[in-house]
Protein chains: 2
Amino acid sequence: MTMNRKLVLPIDRGSPLPIYYQLKEALKQQIESGALKPHERVPSERELEEAYHISRMTARRALEELEAEGYIYRAQGKGSFVAEPKIRQGLLWLTSFTEDMRERGMRAGARVLRAEVVSDERVARKLGIGSGEEFVMLQRLRLADGEPMALETSYLRRRFCPGLEGHDFTDRSLYSTLQEEYGLRLGRAEQAVEAKVADGFEAELLGVKPGAPMLSMERITYLDDGQTPIEYVRSIYRGDRYKLYVELKRR
Amino acid sequence: MTMNRKLVLPIDRGSPLPIYYQLKEALKQQIESGALKPHERVPSERELEEAYHISRMTARRALEELEAEGYIYRAQGKGSFVAEPKIRQGLLWLTSFTEDMRERGMRAGARVLRAEVVSDERVARKLGIGSGEEFVMLQRLRLADGEPMALETSYLRRRFCPGLEGHDFTDRSLYSTLQEEYGLRLGRAEQAVEAKVADGFEAELLGVKPGAPMLSMERITYLDDGQTPIEYVRSIYRGDRYKLYVELKRR
């Protein structure tokens, strides 16, 4: 197989930057500029080794990091390919996964892992309510066009939505159900965003490797009076598929 | 050494959740509720093994994941201790690292790794300007009370701030310098947030292990006319020390 002609990557042996890093950044640039398109094959370790007179280790490291950062994916026995661009998720509006996916023309779905009534002191404390209250706990693997994207664990105050655990959330939005079946309108939410690495459980569910980068989010949702907490959600989003956007203003 | 009496952790052997996971979550709860305080010692693998009749592997995995998630840190030969809570960073106002740290009563500092004039097509494309323009590129390891927190690489359009590379940014805010020396007022910024894992270079600079979770941010900053891009910044923040906050509104 011959190297793609447009892939003449600038490698500067006099630079203080390591060669693998230059190679990685050059390939990123090709991907971001659209010179390499989603699902197009990228050169193999051996092709990079031969074309740039670098060691196999150097080529491997560049490709491994591009994979870890979500720029490429590997297909067993077929080589490496450019990944789909990450899903851009705005951090401004309180939206549900279902709404987010619909806006992108993707089909939202879920595999419901747990739907039960629980007590949880830690959640009660997060919401600032009495520790005696019960929650409907709903744990869902969220799918976009059938592909696992996030693991979402929601705790709803049961007194506001008794029987919620009896609904089938495979194809149904939680927020629509709250509004349509219980007349609950949501107002605002406080959200925290952290980086973490996937543990074994999460990796298996989401189809990534243990140790893969993940966006971990925590949300407290309030009713439209702006004061009554109704929901606590913990979500783990695939770091290779998600990118968050926000607009900052100067004070 | 005896186990701390308040640490009677609820482990349910009938639960579908793995034991290591229950142990990890129980320890997290102790840390978040303040029952275990920053820099307090947490039980060792051996102590957990004996107290809960679990395998050493199970205890190790719980502690390893707590460390990876930034809840505890290990001191060679001394054991594991509760980490400082993460620094909460709001995602609303366009602020500098210096301003953020000052607000928290911490001293901001920097180790300047590079300060030079460069051309960079990729940056020009991100800013939507001609590829012929030069940038002042400033790469800084950002310190809070002397501890490395982030690696920040800024590209400023040179035509707006010629000679900027000549200033010493060890103890000086870039944004204050732009305003005071060049009369440039910043207006707003677009920021992207992603999760990634530390590569070898970043890990060494930031004092974390390769593969540690990191928050990767990209920012395009505009002048106060809201339209003229002035800066492109790429930052890598330690995921074990940073947590981002944002308020969401219902549309």
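Here the structure is shown first, and the text comes after it.
Since we're looking at a predicted model, the values are computed, not measured. Numbers given to residues run from 1 along each chain, matching the order in which its sequence is written. Key to labels: chains lettered from A, ligands numbered from 1, both in the order written. For this predicted model, a pLDDT threshold of at least 70 governs which residues receive local features, and a threshold of 80 or more governs which side-chain atom pairs are given and counted, while totals over whole chains, interfaces and linings are taken from all residues. By convention in this description, side-chain values take in all heavy atoms of the structure and omit both hydrogens and water.

### Here we look at the overall build of chain A
In this text, helices come from DSSP runs of H or I with a minimum length of four residues, and strands from runs of E with a minimum of two, each type numbered from the N-terminal end. For chain A, the helix and strand inventory stands at seven helices and eleven strands. Viewed in the frame of its principal axes, chain A has a C-alpha envelope of about 65 × 45 × 30 Å. Burial classes: relative accessible area under 20% of the type maximum marks a residue as buried, over 50% as exposed, and values in between as partly exposed (1.4 Å probe, protein chains only). Burial status across chain A gives 53% buried among its 251 residues. Two residues form a contact once any of their heavy atoms are found within 4.5 Å. In chain A, the proportion of contacts linking residues at least 24 apart, taken out of those at least 6 apart, comes to 59%.

### Looking at the packing of aromatic side chains
Each Phe, Tyr or Trp ring, with Trp reduced to its six-membered ring, pairs with another whose centre is within 6.5 Å; inter-plane angles below 30 degrees give stacked pairs, above 60 give edge-to-face pairs, and intermediate values give tilted ones. Scanning the entire structure with this criterion turns up twelve aromatic pairs over all chains. On the numbers, 6.2 Å between centres and 80° between planes, the contact of Y20 of chain A with Y21 of chain A is edge-to-face. You can call Y21 of chain A buried: its relative accessible area is 15%. Between Y155 of chain A and Y232 of chain A, the ring centres sit 6.1 Å apart and the planes meet at 40°, which makes this aromatic pair tilted. Of this pair, Y155 of chain A sits in strand β7 (residues 147-157) while Y232 of chain A sits in strand β10 (residues 229-238), placing them 77 residues apart in sequence. Since its relative accessible area comes to 5%, Y155 of chain A is described here as buried. Ring-pair connections join several aromatic residues into one group, and the members of that group are Y20 and Y21 of chain A together with F201 of chain B. For a lysine, the NZ atom is tested; for an arginine, the CZ atom; a charge sits over a ring if that atom is within 6 Å of the ring centre and within 35 degrees of the ring normal. Stacked on the ring of Y245 of chain A, the Lys or Arg R88 of chain A has its end atom at 3.7 Å from the ring centre. Stacked on the ring of Y20 of chain B, the Lys or Arg R61 of chain B has its end atom at 3.8 Å from the ring centre.

### Description of helix α2 (residues 45-52) of chain A
Residues and elements named next belong to chain A. By the burial criterion, the buried members of α2 are E45, E47, L48 and Y52. The buried side chains of α2 occupy one side of the element, clustering within an arc of 165° when seen end-on. Elements that come into contact with the buried residues of α2 comprise α1 (19-33), β1 (41-42), α3 (56-68) and β2 (72-75). Just downstream of α2 lies H53, where phi reads positive at about 50°. Here the arc refers to the directions that run from the helix axis out to each C-beta atom.

### Brief notes about the environment of V246 of chain B
With respect to the helices and strands, the residue V246 of chain B is situated in strand β11 (residues 242-249). For V246 of chain B and Q89 of chain B, which are 157 residues apart along the polypeptide, the C-alpha to C-alpha distance reads 8.8 Å. If we skip the residues at most four places from it in the chain, V246 of chain B touches L91, A189, E190 and Q191 of chain A together with L91 of chain B.

### Some details on the pattern of salt bridges
When a carboxyl oxygen of Asp or Glu lies within 4 Å of a side-chain nitrogen of Lys or Arg, that pair is called a salt bridge. In total, this model carries 66 salt bridges over all chains according to the counting rule given. Among the ionic pairs, R46 of chain A bridges to E50 of chain A, the shortest N-O distance being 3.2 Å. Taken together, the residues R46 of chain A and E50 of chain A, both in helix α2 and four residues apart, mark about one turn of the helix. Its salt-bridge partner being E65 of chain B, residue R61 of chain B comes within 3.5 Å of it at the nearest N-O pair. Here E65 of chain B and R61 of chain B lie together in helix α3 (residues 56-68), a separation of four residues that amounts to about one turn. The exposure class of R61 of chain B is partly exposed, given its relative accessible area of 33%. If you follow the salt bridges from partner to partner, you end up with E25, K28, E32, K86 and K243 of chain A together with R122, K126, E194 and E218 of chain B in one network.

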